[in-house]
Amino acid sequence: MTSGANFGIHSGYSHPTLREWQQPNTSIGPSNLMYPIFITPDVDGEVEIASMPGVKRWGINKLVTHLKPVVDNGLKSVLLFGVPDETVKDEVGSAADDPERSPVIPAIRVLRKAFPDLVIACDVCLCGFTSHGHCGILTSTGHIDNDKSTKRLAEVALSYATAGCHIVAPSDMMDGRILAIKTSLRQAGFGNKVSVLSYAAKFASCFYGPFRDAAASAPAFGDRKAYQLPPGSSGLAIRAVDRDVSEGADFLMVKPAMIYLDIIKTAKDRHPQLPMFAYQVSGEYATIINAAKAGLYDLDVALSEVLVALRRAGTDVIITYFAPRILAKLNQDKAKYIYTSSIISSLDQLHIFLEE
Ligand SMILES: [Zn+2]
């Protein structure tokens, strides 16, 4: 007697449409993308970043021109990073929420006016603004002072909320900062208007190297291993995610993305009620681009495969420097979504090589 299993599974994906059916919840549309942007204090600045081909720091006078075609192609959200002058940095990052010295605050105002429908998220951290380059305030012995740090981070978050952002995104990884920020937002009347995207599981990673070039935020001494997670620590990642959910985070993030798919899946399975973000960081971006430049694969095919993998793992929103490229492709293909079909048809052509 023949059992059902003997019929095999190939019949279930023998046509492109059938292959789409086999990959539920892996489509990519504009709502699945957030575009990170570096803001420089030089208002007319347009500064290339050597380690991130195609990514620049933008001054506020150039920002609208840069974003207009991307918004026209469907961009729905941005994540802003301020890159201040070295001269304004001090021990407590006082420039982070000073409208005269932080390029983020004027950028929020400009973007709100130019693109009323665009969701504006702001990275909240001190490392770009502190003289020591750490993400919090230090004690006299050079350790993180957690209470002072969370208080300061809440002040910065509140100033970005006051300037008009929709989301504050604390990336510092301090204990208790979500609660401090939520409390401060509520007390100031932003409790129902401004949400908190927690960098909940942020791992200490060499893949941040190009970002530190972009944001000039490398620590002056030591490293961030006392607050960012060790790469193998799935247990700590779960505790960090649970901690931030219990403190009131509206959205969760795992960072980096590609090599932490298991963490994304675990976090999403554990908290399916919260939208899950994954940050495809600078080193991932540079790796994908440089491998394509070296002729190892077609950039768009590789990118599609990565995006699908992130969606398959449970990511709802991918923070990616490729957002303009992906949206341009969606527009060019007149597609509401990049379904896996685009990568299926490309991969079909590669089939013979894959079989070898
Ligand atoms: Zn930081």
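Residues numbered from 1 in each chain as written. Predicted model: local features only at pLDDT ≥ 70, side-chain atom pairs only at ≥ 80, totals over all residues. Heavy atoms only, no water.

By the naming in an unreviewed UniProt entry, the protein goes by Delta-aminolevulinic acid dehydratase and is assigned to Allacma fusca. Under the heading Catalytic activity (unreviewed entry), UniProt records this for the protein: "2 5-aminolevulinate = porphobilinogen + 2 H2O + H(+)". Quoted verbatim from the Pathway (unreviewed entry) heading of the UniProt record, the comment on the protein is "Porphyrin-containing compound metabolism; protoporphyrin-IX biosynthesis; coproporphyrinogen-III from 5-aminolevulinate: step 1/4." (UniProt positions renumbered as here; feature names shortened; annotations may be inferred.)

J.: Mind laying out helix 10 (residues 299–313), listing which residues take part and the relevant values?
T.: Here helix 10 contains 15 residues, and its C-alpha end-to-end distance of 21 Å stays within 8% of the 21 Å for a straight helix at 1.5 Å per residue. Within helix 10, twelve of the 15 residues are buried, which leaves it mostly tucked inside the rest of the structure. The complete set of buried residues in helix 10 reads Leu 299, Val 301, Ala 302, Leu 303, Ser 304, Val 306, Leu 307, Val 308, Ala 309, Leu 310, Arg 311 and Ala 313. Positive backbone phi, approximately 120°, marks Gly 314, located one or two places after helix 10. (Helix = DSSP H or I, 4+ residues; strand = E, 2+ residues; numbered from the N terminus. Expected span 1.5 Å × (residues − 1). Buried < 20%, exposed > 50% of the residue type's maximum accessible area, 1.4 Å probe, protein only.)

J.: So what's going on with the pattern of salt bridges? Which residues, and what values?
T.: Enumeration according to the criterion identifies 17 salt bridges in this entry. In this structure, the salt-bridge partner of Asp 97 is Arg 152, at a minimum N-O distance of 2.8 Å. In this pair, Asp 97 sits in the loop between strand 4 (77–82) and helix 3 (104–114) while Arg 152 sits in helix 4 (residues 146–163), placing the two residues 55 residues apart along the sequence. With relative accessibility at 8%, the residue Arg 152 sits in the buried group. (Salt bridge = Lys/Arg side-chain N within 4 Å of Asp/Glu carboxyl O.)

J.: Describe the coordination of the zinc ion, listing the residues and the values that go with them.
T.: Looking at the zinc ion, the protein donor atoms are Cys 125 (SG), Cys 127 (SG) and Cys 135 (SG), and they sit 2.2 to 2.4 Å from it. Sequence spacing of the donor residues for the zinc ion, all on one chain, is C-x1-C-x7-C. Here the residue Cys 125 occupies a position in the loop between strand 5 (119–124) and helix 4, and Cys 135 occupies one in the loop between strand 5 and helix 4, the gap between them amounting to ten residues. Here Cys 125 matches Cys 135 in class, with each residue buried. (Donors = N, O, S within 2.8 Å, 3.2 Å for Na, K, Ca; no water.)

J.: Let's hear about the packing of aromatic side chains: which residues, and what values?
T.: All told, the structure shown has nine aromatic pairs when counted by the stated rule. Ring geometry for Phe 38 against Phe 81: centres 5.7 Å apart, planes inclined by 40°, an arrangement best described as tilted. Separated by 43 residues along the polypeptide, Phe 38 in strand 1 (residues 33–39) and Phe 81 in strand 4 bring together distant segments of the chain. Of the residues examined, Phe 38 reaches a relative accessible area of 0% and is grouped as buried. Each residue in the set Phe 38, Phe 81, Tyr 199, Tyr 279, Tyr 285, Tyr 321 and Phe 322 is aromatic and connected to the rest through ring pairs, giving one cluster. Residue placement shows Lys 202 over the ring face of Tyr 208; its charged tip is 5.9 Å from the ring centre. Across the ring face of Tyr 279, the terminal group of Lys 255 is positioned such that the distance to the ring centre comes to 4.7 Å. (Phe/Tyr/Trp six-rings, centres within 6.5 Å; stacked < 30°, edge-to-face > 60°. Lys NZ or Arg CZ within 6 Å of the ring centre and 35° of its normal.)

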